[in-house]
Amino acid sequence: MASIRLLYIDDDPALRRLVGKEFERHGYIVQLAATGEEGLRHLRAGSIDVVALDHYMPGQDGLQTLAAIRADPDPPPVVYVTGSEEGRVAIAALKAGATDYVIKDVGGEFLALLRVAIEGALAQAELRREKDQAEAEVRAARDRFEALASERAVLLREVNHRVGNSLQLVSTFLLMQSDMSDDPDVKAALASAYGRVLAIAQVHKRLYTSDDLRTVALDNYLHALVADIGASAAGENGWLSLAADPVAIDPDRAVAVGVIVTELIINAMKHAYPHGEGAVRVALHAPAGSGVRLCVEDDGLGSRTPRAEGSTGLGQLIIEAMAAKLGAVVTVHARDPGTRVVVDFMKAEANRLVD
C-alpha cells in the first residue's frame, strides 16, 4: 500500500487530519485539500491514485469538483463522501462518475468504510485498465491480422497474375508451333496441349481479378475459356456455344472442370466432325442444392466413330483423372446424330464448404 497516493478533499480540518493519520498508518501517501479548487491543483501537480471527495465545500461543491476531475482524459477513481441524509446526492455523484460513496457518521465506522471503498475503487480501476489493455491488444492483433491478410491477398494476386501470364505465353508458343507444322498429327497434339494449358491459365487470370481468392466464378471462367478455344480454332464463328448458371467453386476444382471441358471440345472437333465443322454446345447447370451438371454435346458422329489409328487415348485418360479429382460421374449418351457427355459433380468436396 505504500505506493498508493490518496487525495482527500474536505473543508472540515479535524476530519482531514483524522483521515490523513488513519490512512498514513496503513501505508498510504496522503495529500489533503480544503476546497475543490485546491484539490484540482494537487491533481494537476502530480500523480494521484485515488480521490475521496466531500460534497459540501465553500465555493466549488463536490459535484462540480467531480465533473472537473472526470474531464481529465485519464481520471483517478473517486469515492464520494456525503452526510447520512443525502442519498440523492450520493446517487447524483454515482451518475456523474464516482466509483463509490461513503456516508459520514459519528460512530467511528466512517474511516473503515472509507478504506474499504477506496480499496474497492482501486481494484475496479485496475480491472478497467486491464480490460482496456486487453481490448487494445485484441484490436492491435486484429489490425495486424487484417494487414497480413491484405498483404497475403496482394501477393497471391501477383503470383496468380505472373503464373497466368507465363501459362498464356506457353499456350501461345504451342499454338504458334502448331501453325508452323505440316504434320496433321503434330498439329493436333500441339492444339490439344494448347487447350490444356489455356484451361489452367484462365483460372489464374480469374484469381488475379477476383476479390475472393478462395473461389472462382465457374460460369465466367468457362465463358472466357470457350471464347479462347473458339477464337483459336479455324472456321466460322458461332460453332462453339456456352450456357452457364452462376456457380462458385474452389480454384483446384475449377481447373479440373476447365480441363474436362477442353478435352471434350477437342474430342468433338476431332471425332464428331471428321470431314468438316459443326456445332458443339457446352452447358453448365446448378439447380437448387450443391450438385452441378456439365454437358458437352454435338450433332456429329461422335462416339460412333472408331478410334483413329495411332491415337493414344490421352484425352480420355485426362478426362478420367480430372473426373476422379472432382469426384464426378461421367456418362456418355450416344445419339443419332451426335454425342452428349454429362459430368455430374458437387460444388465442394465433402470435407470443404465452398459456395
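Above this note sits the structure.
On a predicted model such as this, the values are computed, not experimentally measured, just so you know.

Caption draft 1: Local environment of the overall build of the chain. Helix and strand counts for the chain stand at nine helices and 12 strands. The burial tally for the chain puts 40% of its 355 residues in the buried class. Long-range contacts, defined here as pairs at least 24 residues apart, represent 66% of the contacts in the chain between residues at least 6 apart. Entry remark: accessible area of the chain is about 19400 Å², with carbon and sulfur atoms responsible for 56%.

Caption draft 2: View of the sheet that holds strand β2 (residues 29-33). With respect to topology, five strands assemble into an open sheet ordered β2-β1-β3-β4-β5, the strand pairing being parallel. Each edge of the open sheet carries a strand with a single partner, namely β2 and β5 (100-103). The mean inter-strand angle of the sheet, taken between neighbouring strand axes irrespective of direction, is 20 degrees. As paired strands, strand β1 (residues 5-9) and strand β3 (residues 50-54) are joined by four bridges and run parallel to one another. Note that in β3 the partner of Ile-9 across the bridge is Leu-53. Contacting β1, β2 and β3, helix α2 (residues 36-45) crosses the sheet at an angle of about 140 degrees to β2. Most of the contacts of helix α3 (residues 62-70) go to β3, to which it runs at about 155 degrees, and overall it touches β1, β3 and β4 (78-82).

Caption draft 3: Here's a closer look at the environment of Asp-179. With respect to the helices and strands, Asp-179 occurs in helix α5 (residues 110-180). A relative accessible area of 56% means that Asp-179 is categorised as exposed. Spatially, the C-alpha atoms of Asp-179 and Leu-190 are 9.1 Å apart, while their sequence positions differ by 11 residues.

Caption draft 4: Structural view of the sheet that holds strand β7 (residues 240-244). With respect to topology, five strands assemble into an open sheet ordered β7-β9-β10-β12-β11, the strand pairing being mixed. On the outer flanks of this sheet lie β7 and β11 (329-334), each paired with one strand and no other. Averaged over all pairs of adjacent strands, the angle between their axes in this sheet comes to 15 degrees, without regard to strand direction. Inspection of the sheet shows β7 paired to strand β9 (residues 280-285) by five bridges, in the parallel sense. Residue pairing across strands places Ser-241 opposite Arg-281, the latter belonging to β9. Most of the contacts of helix α7 (residues 218-232) go to β7, to which it runs at about 180 degrees, and overall it touches β7, β9 and β12 (339-346).

Caption draft 5: Broad picture of the environment of Asp-250. Inspection of the secondary structure puts Asp-250 in the loop between β8 (248-249) and α8 (251-272). Residue class for Asp-250 comes out buried when judged on its relative accessible area of 3%. Separated by 32 residues in sequence, Asp-250 and Leu-218 have C-alpha atoms that sit 9.0 Å apart.

Caption draft 6: Spatial organisation of the pattern of salt bridges. Taken as a whole, this structure holds 12 salt bridges when the rule is applied. Residue Arg-253 pairs with Asp-250 through a salt bridge whose shortest N-O separation is 3.8 Å. As far as burial versus exposure is concerned, Arg-253 and Asp-250 are alike and both buried. The network of salt bridges with common partners includes Arg-281, Glu-297, Asp-299 and Arg-340.

Caption draft 7: Main features of helix α1 (residues 13-25). The end-to-end C-alpha distance of α1 is 18 Å, a good match for the 18 Å that 13 residues give at a rise of 1.5 Å each. Buried within α1 we find Leu-15, Arg-16, Val-19, Gly-20, Glu-22 and Phe-23. One side-chain oxygen at the N-terminal end of α1 lies 3.1 Å from the backbone nitrogen of Ala-14; it belongs to Asp-12. Note on α1: the residue one or two positions beyond its end, Gly-27, has a positive phi of about 90 degrees.

Caption draft 8: Examining the side chain of Asp-298 more closely. If you trace the backbone, Asp-298 turns up in strand β10 (residues 291-298). With relative accessibility at 5%, the residue Asp-298 sits in the buried group. Among residues more than four places away in sequence, those in contact with Asp-298 are Ala-268, Ala-272, Tyr-273, Ala-279, Arg-281, Arg-335, Pro-337, Gly-338 and Thr-339.

Rules behind the numbers
Residues numbered from 1 in each chain as written. Predicted model: local features only at pLDDT ≥ 70, side-chain atom pairs only at ≥ 80, totals over all residues. Heavy atoms only, no water. Helix = DSSP H or I, 4+ residues; strand = E, 2+ residues; numbered from the N terminus. Buried < 20%, exposed > 50% of the residue type's maximum accessible area, 1.4 Å probe, protein only. Contact = heavy atoms within 4.5 Å. Areas by Shrake-Rupley, 256 points an atom, 1.4 Å probe, with all protein chains shown as cover. Pairing = 2+ DSSP bridges. Axes fitted to C-alpha atoms, helices over the stretch in contact; angles between N-to-C directions. Salt bridge = Lys/Arg side-chain N within 4 Å of Asp/Glu carboxyl O. Expected span 1.5 Å × (residues − 1). Polar contact = N/O pair within 3.5 Å; in protein donor to acceptor, adjacent residues only side chain to side chain.

So, to be careful, I would describe these as geometric facts and stop short of saying anything about function.
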